[in-house]
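Tertiary structure, described
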Amino acid sequence: MKKTNRTTKVIATVMAVVIAISTLCVITAVSANAASYEGSAQAHAAEKMGVMTTTSVPAVTTKLNKTAKAYKYVCTGQTKKGYDWDYTASNSNVKVTCKYDFKTHTYTFKFTGTAKGSTTMNFKYRLNDKTWVKVPMTFKIDAQKNITRVA
């Protein structure tokens, strides 16, 4: 009986060693595979991010349906006091600033996105003391606060 019991212990020890080596091989293979997959995922993420970096999105646009960091609207007008403009918007997703050139009587409006969403705006400026020019605008702002004038 001692020989049988000893044989069983040897077989059990050999099986334990085989299982340990197999487990080690599987862990090594999974680690190597995970590392290569992780590298691939990072490479794909970098490619995707490269599409929407700040260098690929222009700083300013004046065109409809063109995405940019800001939308610029240029027009002319003159009142006795110089200039006047106003707007109402469906929400506060767009910020509007104006630079007025008193020599050329030129308005330069800059529209920038402040939050993701869509904004409908009733924008107007004075052409002269008696005339308001109404410019309805619709903007879409993405998650990176890039703005697109769609109407």
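What this report covers is the structure whose coordinates are included nearby. This is a predicted model, so every value here is computed, not measured.

What follows deals with the packing of aromatic side chains. Scanning the entire structure with this criterion turns up 17 aromatic pairs. The interplanar angle of 15 degrees and the centroid separation of 5.3 Å between the aromatic rings of Tyr 107 and Phe 109 together place this pair among those described as stacked. Here Phe 109 falls in the buried class, since its relative accessible area comes to 0%. For the cation-ring pair, Lys 124 lies above Trp 132, with the distance from its terminal atom to the ring centre recorded as 4.7 Å.

As paired elements, strand E4 (residues 94-101) and strand E5 (residues 106-113) share eight bridges and run antiparallel to each other. For Lys 95, the partnering residue across the bridge sits in E5 and is Thr 112. Counting the residues in the hairpin turn of E4 and E5 gives four residues, including His 105, whose phi is positive at 55 degrees.

Nonpolar side chains in soluble globular proteins generally cluster together in the buried interior. If you look at the biggest cluster of nonpolar residues, it comprises 17 residues, and the most contacted ones within it are Tyr 73, Phe 109, Phe 111, Phe 123 and Phe 139. With four residues, strand E7 (residues 132-141) is the largest single contributor of residues to this core. Excluding anything up to four places from it in sequence, Phe 123 contacts Tyr 73, Trp 85, Asp 86, Tyr 87, Val 96, Phe 109, Phe 111, Val 133, Lys 134, Val 135 and Met 137.

Taking strand neighbours across the sheet as the criterion, the four strands line up as E3-E6-E7-E8 in an open arrangement whose pairing is antiparallel. The sheet is open, and its two borders are formed by strand E3 (85-89) and strand E8 (147-149), each paired with just one other strand. On average, adjacent strands in this sheet sit at an angle of 30 degrees to one another, irrespective of strand direction. Alignment of strand E6 (residues 117-126) against E7, held across ten bridges, turns out to be antiparallel. Counted as the bridge partner of Phe 123 is Val 135 from E7.

Rules used in this analysis
Residues numbered from 1 in each chain as written. Predicted model: local features only at pLDDT ≥ 70, side-chain atom pairs only at ≥ 80, totals over all residues. Heavy atoms only, no water. Phe/Tyr/Trp six-rings, centres within 6.5 Å; stacked < 30°, edge-to-face > 60°. Buried < 20%, exposed > 50% of the residue type's maximum accessible area, 1.4 Å probe, protein only. Lys NZ or Arg CZ within 6 Å of the ring centre and 35° of its normal. Pairing = 2+ DSSP bridges. Helix = DSSP H or I, 4+ residues; strand = E, 2+ residues; numbered from the N terminus. Core = buried A, V, L, I, M, F, W, Y, C linked by side-chain atoms within 4.5 Å. Contact = heavy atoms within 4.5 Å. Axes fitted to C-alpha atoms, helices over the stretch in contact; angles between N-to-C directions.

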